[in-house]
Amino acid sequence: MDPGSPAELSLQRTLVLLVMLVSLLAIAAALIGPYSISPTQLIQAFAQRLTGRIDPALAATDTVLFSVRLPRVAAALLAGAALAAAGAVYQGLFRNPLVSPDMLGVSSGAGLGAVLGIFLSLPVPAIQGLSFVGGLATVAIVYLLASAVRGHEPTLVLVLTGIVLGALAGACLSLLKILADPYDQLPAITFWLLGSLASVRAADVLATAPLVLVALVPLVLLRWRVNLMSLGDEEAAALGVDPRRLRLLFIAAATLMTASIVAIAGVIGWVGLVIPHIARLLVGPNFNRLLPTAMLIGAGFMLAVDTLARTLAETETPLGVLTACLGAPVFVWLLASGRRGW
Amino acid sequence: MDQGRGCNRHACHRRGAAARHRRLRCWLLALCCWLPFGAEAARLIEDSAGRKVAIPERIERVYAAGPPASILVYVLAPDKLTGWPRAPRKDERPYLAPATRDLPETGRLTGRGNTTNLEVMLRTRPDLIIDFGAVNATYVSLADQVQAQTGIPYLLIDGRFEQTPAALRLVGDILGVGDRGEARASEVEALLTTLDDVLATIPERERPRVYMARGPNGLETGLKGSINTEIIERAGGRNVADPGDASLRRGIVQVSVEQVIVANPDTIITWDPNFYRGVWRDPLWAGIEAVQRQRVFLSPLVPFGWIDRPPSLNRIIGLKWLASLFYPDQMPMDLRAETRAFYRRFYHVDLDDNTLEQLLQWTQGHPPN
């Protein structure tokens, strides 16, 4: 598509509008919270950081803003964008609009890893590490098992293997829950499985962002090939790409993104399922246009939901509860309003 | 009887009578198992839920439905406990009476999935099932159901702090150790009364503002009014996790560190060694008054937690300890002597210097590795 065409112009306009919306949301989210920070204080705090001279009167504001709130805003943006991107890739890859990023068991595996960490009373970084490894390992096993099965539609085998392994991981997780200390570990497990950004720190964001960016590189560079993959293996091969290798690459990228997000934020459902649909309504199924749109909408949605999660009550509302309450009706509406292809 | 097999009439009759006799004995035995209170169903006890339960006069074996109940029974009559909900771990064993260290693991009856445990429970042949803790419609129906299913009397005892003396007296009486129940009950009552007298002189706003840090990163806590944190108020603190509205749910919740910063507690209590170690060098927690004033306290966990985990009689030593931390002048405590005495009277163990020292070090923030 040449840059001057009307469709490209309308995409640019959509993206600019979305960027502005997300920026406004981010500023609002930085100002909202139990610790009151006024817009003036916000600007002062930023000015201080730039000049390097910290006024002791603003020290607490500085801590809340730069160590608590902004990392959390950044984490929400990152999580939303990554989950939406992974969902968009999977839906194209499996040619199915009902697919979410945890289709191949990444969330179940990551959940199992984290719950094992909590069960063994490990410190937080170790829990996150186990979760990350658990997610990657589960998808790797699913892929290897599915590759060993021949003679069937490869995507179907992948999906079925993913469901089976996801169920197995879920069973192991239930076993750990039964064995866990009901006064100490069980609540921690429950909170973790419902997803939350409450304990995210700057270090978490700094560790996760590079992984998400690395995973994004092949998606951006090969974005038009996702379109080819959505035509099916035979057509893709006829058009001169190797569907097996491409599929592996895309699955690896989407898994890396999801696993790194789940490791710091817990299991957050619905975002990867619903956001790509909304993006498709706006800009159509072309992955070229879908990817940036879905990422921006995902980032904004996650930020809005997380801001709700920390302000609705005196305590944290689990993200999984909010995304389900918002995502389920949207999804039903999308289903009712008709299928639009992917 | 078949005469053709070469057995004479008399012998056959005798053998038949013997078999009948055996069968009758079997039936009687089975009947006794079914109705353990059949012969001496002597007493009708009203439990905390108002249920009237017939129990046998002599009770030798008690099944504790959950960790809180197991501690209640252990304190009163360790020899009557049929097992632990969870087998004692290696580091907990030295703090339990030797005879009870190797009792089998019998699981929890409370909560869903009780059918899986029912046979294990029956295998221990208890005379009585006791549950200690929350009393609500769910637990009442569970108790009724299990009692109807197994024929074993099932008592629900209220586990809140204020009800502790009453629970000790009632269960002590039921288990035939009324003197011990009375002694422990008056001991707890004396502590509660002393505390009330002290607290009567301290206005609400001068009481410490306490946060109970739970979970691996300390960002779980129990709301004010929940059974998990009632020790804070009972010891004369104010729980900072106070939603204010009495109609809100009471339980364990997740909070963000920003909420802790805003609440700015002057005292933090926890049992999590990971959190305790990390909190001192964590920049996010550095500005919180409790950290600045070095008022973060780590509770020992052996053989049971001091401040919670589970919420049972184990909290009595924790209550005394917390009160002495909150009000060192009004509620002084000789930690060494009182710990030794508590473990002897409630847990039936004489701590040697080494194991006692380990506990004292733990309260100073040095848990065993």
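Computed from a predicted structure; not experimentally measured.

Analysis parameters
- Residues numbered from 1 in each chain as written.
- Chains lettered and ligands numbered in written order.
- Predicted model: local features only at pLDDT ≥ 70, side-chain atom pairs only at ≥ 80, totals over all residues.
- Helix = DSSP H or I, 4+ residues; strand = E, 2+ residues; numbered from the N terminus.
- Buried ≥ 20, exposed ≤ 12 C-beta atoms within 10 Å, placed from the backbone.
- Contact = placed C-beta atoms within 7 Å.
- Rg over C-alpha atoms; globule rule 2.2 N^0.38 Å.
- Axes fitted to C-alpha atoms, helices over the stretch in contact; angles between N-to-C directions.
- Left-handed = near helix turned anticlockwise from the far one by under 90°.
- Nonpolar A, V, L, I, M, F, W, Y, C, P; charged D, E, K, R; others polar.
- Domains from an automatic or database assignment.
- Pairing = 2+ DSSP bridges.
- Right-handed = clockwise from strand over helix to strand, strands pointing away.
- pLDDT = per-residue confidence, 0-100.
- Expected span 1.5 Å × (residues − 1).
- Core = buried A, V, L, I, M, F, W, Y, C linked by C-beta atoms within 7 Å.
- Parallel < 35°, antiparallel > 145°, perpendicular 65-115°, else oblique.

Enquirer: Describe the overall build of chain B, with residues and values.
Expert: Within chain B, the secondary structure is distributed over 14 helices and 11 strands. Here chain B holds 369 residues, and 43% of them are scored as buried. The long-range fraction of contacts in chain B, counting pairs at least 24 apart against all pairs at least 6 apart in sequence, stands at 62%.

Enquirer: Residues and numbers for the overall build of chain A, please.
Expert: Across its full length, chain A carries 14 helices and zero strands. Listing each helix as α and each strand as β along chain A from the N terminus yields α-α-α-α-α-α-α-α-α-α-α-α-α-α. For 342 residues, the compact-globule formula gives about 20 Å, and the C-alpha radius of gyration of chain A, at 21 Å, lands near that figure. In chain A, buried positions account for 47% of the 342 residues. A fraction of 76% describes how many contacts in chain A between residues 6 or more apart in sequence connect residues 24 or more apart.

Enquirer: Lay out the packing of helix H4 (residues 106–119) of chain A against helix H5 (residues 124–148) of chain A in plain terms, naming residues and giving numbers.
Expert: Residues and elements named next belong to chain A. Where H4 contacts H5, the axes come no closer than 7 Å and their chain directions differ by 145°. As for how H4 packs across H5, the hand of that crossing is right-handed. Contacts between H4 and H5 involve Val 106, Ser 108, Gly 109, Ala 110, Leu 112, Gly 113, Ala 114, Leu 116, Gly 117 and Ile 118 on the former and, on the latter, Ala 126, Ile 127, Leu 130, Ser 131, Phe 132, Val 133, Gly 134, Gly 135, Ala 137, Thr 138 and Val 139. Split into classes, the residues belonging to the contact of H4 with H5 amount to 13 nonpolar, eight polar and no charged.

Enquirer: Provide a residue-level description of the interface of chain B and chain A, including the pertinent values.
Expert: Taken together, the contacts link 24 residues of chain B with 26 residues of chain A. Looking at the side of chain B that touches chain A, the elements that each hand over two or more residues are strand E9 (252–254), helix H8 (257–263) and helix H10 (283–286) of chain B. Broken down by element, the side of chain B that touches chain A gets its largest block of residues, five residues, from H8 of chain B. Each residue belonging to the side of chain B that touches chain A can be placed in one class, and the counts come to 12 nonpolar, seven polar and five charged.

Enquirer: So, the domain arrangement of chain B: which residues are in play, and what are the values?
Expert: All names here are of chain B. If you check the domain split of chain B, you get domain 1 (43–189) and domain 2 (203–363). In this structure, domain 1 and domain 2 have C-alpha centres spaced 26 Å apart. Among the elements of the structure, helix H2 (67–76), strand E4 (128–133) and helix H6 (178–200) are those that each provide at least two residues to the side of domain 1 that touches domain 2. With five residues, the top contributor of residues to the side of domain 1 that touches domain 2 is H2.

Enquirer: Requested: an account of the pairing of strand E5 (residues 154–158) of chain B, with residues and values cited.
Expert: Residue and element names in this part refer to chain B. Counting buried positions along E5 gives four out of five residues, so the element sits mostly inside the fold. Pairing of E4 with E5, which is carried by five bridges, proceeds in the parallel orientation. Of the residues in E5, the one forming a bridge with Ile 129 is Tyr 154. As a crossover connection, the stretch from E4 through helix H4 (residues 137–150) into E5 is right-handed.

Enquirer: Give a description of H2 of chain B that names residues and reports values.
Expert: Residues spaced three or four apart along an α-helix face the same direction, because each turn holds 3.6 residues. Residues and elements named next belong to chain B. In terms of residue burial, H2 counts as a mostly covered element, since 10 of its 10 residues are buried. Looking at H2, one finds that the buried residues are Pro 67, Pro 68, Ala 69, Ser 70, Ile 71, Leu 72, Val 73, Tyr 74, Val 75 and Leu 76. Against the buried residues of H2 lie strand E3 (62–64), E4, helix H5 (164–174), H6 and helix H13 (335–347).

Enquirer: Go over the confidence of the model for chain B with me, naming the residues and quoting the values.
Expert: All names here are of chain B. Model confidence for chain B is summarised by a mean pLDDT of 87, while 85% of its residues fall at 70 or above. Low confidence marks residues 1–9, where pLDDT is under 50. Its contacts with residues over four positions away, or in another chain, come to two contacts. Long-range and interchain partners of residues 112–116, a stretch whose pLDDT sits below 50, account for three contacts in this model, where long-range means more than four residues apart. Here the predicted complex scores 0.84 on pTM and 0.82 on ipTM.

Enquirer: Let's hear about the environment of Arg 310 of chain A: which residues, and what values?
Expert: Locating Arg 310 of chain A in the fold gives a position in helix H13 (residues 287–311). Through-space distance from the C-alpha of Arg 310 of chain A to that of Ala 198 of chain A is 7.8 Å; in sequence the pair is 112 residues apart. Discounting chain neighbours no more than four positions away, the residues touching Arg 310 of chain A are Gly 33 and Glu 316 of chain A together with Ser 256 of chain B.

Enquirer: Pulling in residues and values, what's your account of helix H12 (residues 315–326) of chain B?
Expert: All names here are of chain B. Under the 1.5 Å per step criterion, the end-to-end length of H12 is 16 Å for 12 residues, consistent within 8% with the ideal 16 Å. Within H12, 10 of the 12 residues are buried, which leaves the element mostly enclosed by the surrounding structure. Considered for burial, the residues of H12 that qualify are Arg 315, Ile 316, Ile 317, Gly 318, Leu 319, Lys 320, Trp 321, Leu 322, Ala 323 and Phe 326. Buried residues belonging to H12 abut H6, helix H7 (230–234), strand E10 (267–270), H13 and helix H14 (353–363).

Enquirer: Please give an account of the sheet that holds E5 of chain B that cites residues and values.
Expert: Residues and elements named next belong to chain B. Read across the open sheet, the three strands follow the order E3-E4-E5; overall the sheet is parallel. Only two strands of the sheet have a single partner each, and these edge strands are E3 and E5. Adjacent strand axes in the sheet meet at a mean angle of 25°, parallel and antiparallel pairs treated alike. Note: E3 against E4, three bridges, orientation parallel.

Enquirer: Could you give an account of the sheet that holds strand E8 (residues 238–239) of chain B, with specific residues and numbers?
Expert: All names here are of chain B. With parallel pairing, the four strands of this open sheet are ordered in space as E8-E6-E10-E11. Both edges of this open sheet fall to E8 and strand E11 (296–298), since each of them pairs with a single strand only. By the bridge criterion, four bridges tie strand E6 (residues 209–213) to E10 in an arrangement that is parallel. Residue pairing for E10: Tyr 211 is matched across the bridge by Ile 268.

Enquirer: How would you summarise the nonpolar core if you had to cite specific residues and measurements?
Expert: One finds Ala 85 of chain A together with Leu 72 and Ile 130 of chain B to be the most contacted residues of the largest nonpolar core, which totals 186 residues. A per-element tally of this core places helix H3 (residues 59–93) of chain A first, with 20 residues. When neighbours within four sequence positions are excluded, Ile 130 of chain B is seen to be in contact with Val 62, Ala 64, Ala 65, Ala 69, Leu 72, Val 73, Leu 155, Ile 157 and Val 171 of chain B.

Enquirer: With reference to specific residues and values, describe the packing of H4 of chain A against helix H6 (residues 154–179) of chain A.
Expert: Residues and elements named next belong to chain A. It is at 9 Å that the axes of H4 and H6 come closest, and there the two elements cross at 20°. Looking at the two axes, H4 sits roughly parallel to H6. Seen along the crossing, H4 lies across H6 with a hand that is left-handed. On H6, the residues that touch Ser 108, Gly 109, Gly 111, Leu 112, Val 115, Leu 116 and Phe 119 of H4 are Gly 166, Ala 169, Gly 170, Cys 172, Leu 173 and Leu 176.

Enquirer: So what about unusual backbone geometry? Which residues, and what values?
Expert: Residues and elements named next belong to chain B. Residue Val 302 is joined to Pro 303 through a cis peptide bond whose omega torsion reads -10°. Secondary-structure assignment places Pro 303 in the loop between E11 and H12. The step from Arg 309 to Pro 310 runs through a cis peptide bond, and the omega angle for that step is -5°. One non-glycine residue, Gln 294, adopts positive backbone phi at about 55°. For Gln 294, the position within the fold is in the loop between helix H11 (289–292) and E11. Residue Gln 294 is classed as exposed on the basis of its C-beta count, with 9 C-beta atoms lying within 10 Å. Even without being glycine, Arg 309 reaches a positive phi, approximately 65°. Of note, Arg 309 is situated in the loop between E11 and H12. C-beta crowding within 10 Å serves as the criterion here: with 21 such atoms nearby, Arg 309 is assigned to the buried category.

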